[in-house]
Amino acid sequence: MQRKAGEKPYSCEVCGSSFTISSNLKVHIRSHTGEKPYSCEVCGACFTNTSHLKKHMRTHTGEKPYLCQVCDSSFTTSSYLMMHMRSHTGEKPYSCEICGTSFTRKSSLLTHRRIHTGEKPYSCEVCGASFTTSSYLMIHRRSHTGEKPYSCEVCGLAFSRGSSVKIHMRTHTGEMPYFCQVCGKSFFQKAHLTRHKRTQHTLESI
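Here the structure is a predicted model, which means the values were calculated and not measured.

### Overview of the overall build of the chain
1) Next: Looking only at helices and strands, the chain features 7 helices and 14 strands.
2) Next: Counting over 206 residues, the chain shows a buried share of 21%.
3) Next: The contacts of the chain with a sequence gap of at least 6 include a subset with a gap of at least 24, amounting to 0%.
4) Next: In the structure as shown, the chain presents an accessible area of about 14,800 Å², 52% of it carried by carbon and sulfur atoms.

Here is the structure:
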């Protein structure tokens, strides 16, 4: 019997998701059972299907078969290329329904929503501090371990954050990208500009 276009006759008994072919349902069920039958021969990481394993293998081989036609950047997956293309087109298809801020990635929108909800699902096992993203938690952990993986190429000073190195480099280059629109004074940190406005021009306006 011929199947109708768009028909999804295979349904998950756990969550009700439907699929066009039985093999897709079989792979989906692993998201409930936790089964990951495909493992990487290099590092032992396990995956629910062969396509995920294939993508993972590129982290070992360095293969990046998806090329940007605008700037020649290359990527391991087509989805990463698609997200990158938005940096050229300016497309931001994911919008916050609360404040209207738009994002190029759905994951960025999900993280942003936590500003409104106050959700901080990532907790430090040492001190209990909680964070909106796993990357913020990772940076915080370095305050306990003392790890400083980012070093200045000029003087060797080490930092726990990559952004801190970028700011520090301005002490060598002299770059001051933040300037006061009232008096024209420049600063190499945004925080310094904010403090300047608060202490100098707020007082002047009183």
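More follows now that the structure is in view.
### Concerning the environment of valine 165
1) Next: In this structure, valine 165 sits in helix H6 (residues 162-173).
2) Next: Setting aside chain neighbours within four positions, we find valine 165 in contact with Tyr150, Ser151, Cys152 and Phe159.

### Concerning helix H5 (residues 134-145)
1) Next: Between its first and last C-alpha atoms H5 spans 16 Å; for 12 residues at 1.5 Å apiece the expected length is 16 Å, and the two agree.
2) Next: Along H5, the residues that are buried comprise Leu137, Ile139, His140 and Arg142.
3) Next: The inward-facing, buried residues of H5 contact strand S9 (122-123), strand S10 (130-131) and strand S11 (150-151).

### Section: unusual backbone geometry
1) Next: The phi torsion at aspartate 72 lies on the positive side, around 70 degrees, for a residue other than glycine.
2) Next: In this fold, aspartate 72 is placed in the loop between strand S5 (66-67) and strand S6 (74-75).

### Details of helix H1 (residues 22-33)
1) Next: The end-to-end C-alpha distance of H1 is 17 Å, a good match for the 16 Å that 12 residues give at a rise of 1.5 Å each.
2) Next: Buried within H1 are the following residues: Leu25, His28 and Arg30.
3) Next: The secondary structure elements touched by the buried residues of H1 are strand S1 (10-11), strand S2 (18-19) and strand S3 (38-39).
4) Next: Immediately beyond the C-terminal end of H1, within one or two residues, lies glycine 34, with a positive phi of roughly 85 degrees.

### A look at the environment of threonine 145
1) Next: Within the secondary structure layout, threonine 145 lies in helix H5.
2) Next: Among the residues examined, threonine 145 registers a relative accessible area of 58% and is labelled exposed.
3) Next: For the pair formed by threonine 145 and arginine 58, sequence separation is 87 residues and the distance between their alpha carbons is 31 Å.
4) Next: At a separation of 3.2 Å, a polar atom in the side chain of threonine 145 contacts the main-chain amide nitrogen of glutamate 147.

### What about the pattern of salt bridges?
Oppositely charged side chains may form a pair once their charged atoms are brought near each other.
1) Next: Using the criterion set out here, one finds 8 salt bridges in the structure.
2) Next: In this structure, arginine 170 engages glutamate 175 in a salt bridge whose closest nitrogen and oxygen atoms are separated by 3.8 Å.

### Structural notes on the side chain of arginine 142
1) Next: Looking at the element boundaries, arginine 142 is found in helix H5.
2) Next: For arginine 142, the contacting residues outside a window of four places in its chain are Glu147, Pro149, Tyr150 and Ser160.

### So, the state of the cysteines
The term disulfide refers to a covalent linkage connecting the sulfur atoms of a pair of cysteines.
1) Next: Under the counting rule described, the total for this entry stands at 0 disulfides.
2) Next: Left without a disulfide partner, cysteine 152 is nearest to the cysteine sulfur of cysteine 155, which lies 3.7 Å away.
3) Next: For cysteine 183, which is in no disulfide, the shortest distance to another cysteine sulfur is to cysteine 180 and amounts to 3.8 Å.
4) Next: The exposure class assigned to cysteine 183 is partly exposed, which follows from its relative accessible area of 44%.

### Points about the environment of histidine 168
1) Next: If you trace the backbone, histidine 168 turns up in helix H6.
2) Next: Taking relative accessible area as the criterion, histidine 168 reaches 12% and is therefore assigned buried.
3) Next: Among residues more than four places away in sequence, those in contact with histidine 168 are Cys152, Cys155, Leu157 and Phe159.

Conventions used here
- Residues numbered from 1 in each chain as written.
- Predicted model: local features only at pLDDT ≥ 70, side-chain atom pairs only at ≥ 80, totals over all residues.
- Heavy atoms only, no water.
- Helix = DSSP H or I, 4+ residues; strand = E, 2+ residues; numbered from the N terminus.
- Buried < 20%, exposed > 50% of the residue type's maximum accessible area, 1.4 Å probe, protein only.
- Contact = heavy atoms within 4.5 Å.
- Areas by Shrake-Rupley, 256 points an atom, 1.4 Å probe, with all protein chains shown as cover.
- Expected span 1.5 Å × (residues − 1).
- Polar contact = N/O pair within 3.5 Å; in protein donor to acceptor, adjacent residues only side chain to side chain.
- Salt bridge = Lys/Arg side-chain N within 4 Å of Asp/Glu carboxyl O.
- Disulfide = S-S within 2.5 Å.

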